[in-house]
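So the chains spell out like this:
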Amino acid sequence: QVNDALSDAAGDAQQIDEPLLRAVQRVDRSIQAFESRNDRSHVVAFNAEMPLYVNAANIAGYARNHFPTGQELALDRYTIGAHCLHELERGQGLDQRTIVFELATRRGMYLGRARGDDTAHLLPRGLRTWVLGSHQATYARPDGSQGTRTVVQLTDTPPTPTGGSSDGRRQGPTPGRRQR
């Protein structure tokens, strides 16, 4: 409900009803408190379903063509993700048009457990990101089987004119990278 209201208001919390505004402010404060104590960066992956007109048989080509290296993407909603690709499969009726965005960041709030198979992470609203590239990622599931997903890699560090991000991360996909 909060995310839908934020989307309707293009991310401007001042345009939503008072009870939802209070909820947004509480979540914002919680994320900010966590970020102030966080001393590490991490990679957070989250699903994104592409429009119905996208040819599912060519989702990798769609990702490559519509999310070119250097393109800026803004997230106007809170985004739930995980640190492990196999966790994005849970309880999801994943469509073949669903791609994964993988964000290298220090932002957000860890919601998972210290042990076990729960690495949930909440990213803040209003997050600006830049595309580093896209690739097919193969990952192992807990049962030993493998999965493959189309991944668009993002950073929250603006790119530099030399093609890297301003924190020294290189631009572009990491071919053959395997995910847990």
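Please refer to the structure placed before this passage.
Described in the following lines is the structure provided in the data block.

Scoring rules and cut-offs
Counting from 1, residues in each chain are numbered in the order their sequence is written. Since the coordinates come from a predicted model, pLDDT governs what is reported: local features require at least 70, and pairs of side-chain atoms require 80 or more to be given and counted, while whole-chain, interface and lining totals use all residues. Side-chain numbers here rest on the full set of heavy atoms in the structure, without hydrogens or water. Note on definitions: the grid is 1 Å and covers protein atoms alone; a cavity is a set of points where a 1.4 Å probe fits but cannot get out; a pocket is an open set with protein on both sides within 12 Å along at least five of seven lines; lining residues have an atom within 4 Å of a point. Grid points are joined across faces, edges and corners, and a volume is the space filled by probe spheres set on the points. A run of H or I in DSSP counts as a helix once it spans at least four residues, and a run of E counts as a strand once it spans at least two, with each numbered from the N terminus. Only Asp, Glu, Lys and Arg are considered charged, only Ala, Val, Leu, Ile, Met, Phe, Trp, Tyr, Cys and Pro nonpolar, and every remaining residue, Gly among them, polar. A 3.5 Å cut-off defines polar contacts: any pair of N or O atoms within that distance qualifies, except that in protein one atom must be a possible hydrogen donor and the other a possible acceptor, and neighbouring residues in sequence count only when both atoms are side-chain atoms. Residues count as neighbours in contact if any of their non-hydrogen atoms are within 4.5 Å of one another. Burial classification: accessible surface area is computed with a 1.4 Å probe over protein chains only, and a residue below 20% of its type maximum counts as buried, one above 50% as exposed, and the rest as partly exposed. The rule for pairing is simple: two strands pair if DSSP sees at least two bridges between them.

1. Some points on the layout of surface pockets
Stage number 1. Of the pockets and cavities examined, the largest pocket occupies roughly 210 Å³.
Stage number 2. Along the walls of the largest pocket sit 17 residues, with Ile59, Gln96, Thr98, Thr148 and Arg149 positioned nearest its centre.
Stage number 3. Elements represented by at least two residues in the lining of the largest pocket include exactly helix H3 (59–66), strand E7 (127–140) and strand E8 (146–155).
Stage number 4. Looking at the lining of the largest pocket residue by residue, the classes come out as six nonpolar, seven polar and four charged.

2. Topic: the side chain of Glu87
Stage number 1. Relative to the assigned elements, Glu87 resides in the loop between strand E3 (79–82) and strand E4 (98–105).
Stage number 2. A polar side-chain atom of Glu87 sits 2.7 Å from a polar atom in the side chain of Thr119.
Stage number 3. Not counting chain neighbours up to four residues away, the residues in contact with Glu87 comprise Ala82, Asp117, Asp118, Thr119 and Ala120.

3. Quick notes on the pairing of E8
Stage number 1. The element E8 is extensively covered by neighbouring structure, given that eight of its 10 residues are classed as buried.
Stage number 2. For E7 and E8, the ladder comprises 10 bridges, and the chain directions are antiparallel. Across the sheet, the residue bridging to Trp130 is Thr155, located in E8.
Stage number 3. Counting the residues that bridge the hairpin from E7 to E8 gives five residues, and of these Gly144 lies at a positive phi of roughly 95 degrees.

4. Some points on the pairing of strand E6 (residues 120–123)
Stage number 1. Every second residue of E6 is oriented toward a common face, with Ala120 and Leu122 on one face and His121 and Leu123 on the other, all of them buried.
Stage number 2. Of the strand pairs in this sheet, E3 and E6 are connected by four bridges, and their pairing is antiparallel. Bridge assignment links Ile80 to a residue of E6, and that residue is Leu122.
Stage number 3. As defined by bridge partners, strand E5 (residues 109–110) adjoins E6 across two bridges and the pair is classed as antiparallel. Bridge assignment links Met109 to a residue of E6, and that residue is Leu122.

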